[in-house]
Amino acid sequence: MASAVLGLLAGLPFGALLAGLFGGLFLVVLVALRLRGARALDAGRRAYLFTFGWANWV
């Protein structure tokens, strides 16, 4: 949602950049959790909540 709004207001490259940053953060957290020994589904859930969970308070 944030990348779509930014894309509409500031232009498509900025929206795509924000989406890429969120995707990259998700992958970094997912890989870190897997390396620490978390199971696949649990690691995916925790990485999602870390990356996108803040939107519940906005």
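Now for a look at the structure at hand. All figures in this text were calculated on a predicted structure; none of them were measured in a lab. (Residues numbered from 1 in each chain as written. Predicted model: local features only at pLDDT ≥ 70, side-chain atom pairs only at ≥ 80, totals over all residues. Heavy atoms only, no water.)

### Considering a nonpolar patch on the surface
Now for step 1: A cluster of nonpolar side chains, namely Met 1, Val 5, Leu 8 and Leu 9, defines an oily patch on the protein surface of about 550 Å² accessible area.
Now for step 2: By relative accessible area, Val 5 is classed as partly exposed at 40%. (Patch = residues over 30% accessible without salt bridge, like charges linked within 9 Å, V, L, I, M, F, W, Y side chains within 5 Å. Areas by Shrake-Rupley, 256 points an atom, 1.4 Å probe, with all protein chains shown as cover. Salt bridge = Lys/Arg side-chain N within 4 Å of Asp/Glu carboxyl O. Buried < 20%, exposed > 50% of the residue type's maximum accessible area, 1.4 Å probe, protein only.)

### Thoughts on the nonpolar core
Now for step 1: Core analysis: the largest hydrophobic core is formed by 5 residues, namely Val 29, Leu 33, Ala 38, Ala 43 and Ala 47.
Now for step 2: Those elements giving two or more residues to this core turn out to be helix 2 (12-35) and helix 3 (40-52).
Now for step 3: Contacts of Ala 38, omitting those with residues within four sequence positions, involve Leu 33, Ala 43 and Arg 46. (Core = buried A, V, L, I, M, F, W, Y, C linked by side-chain atoms within 4.5 Å. Helix = DSSP H or I, 4+ residues; strand = E, 2+ residues; numbered from the N terminus. Contact = heavy atoms within 4.5 Å.)

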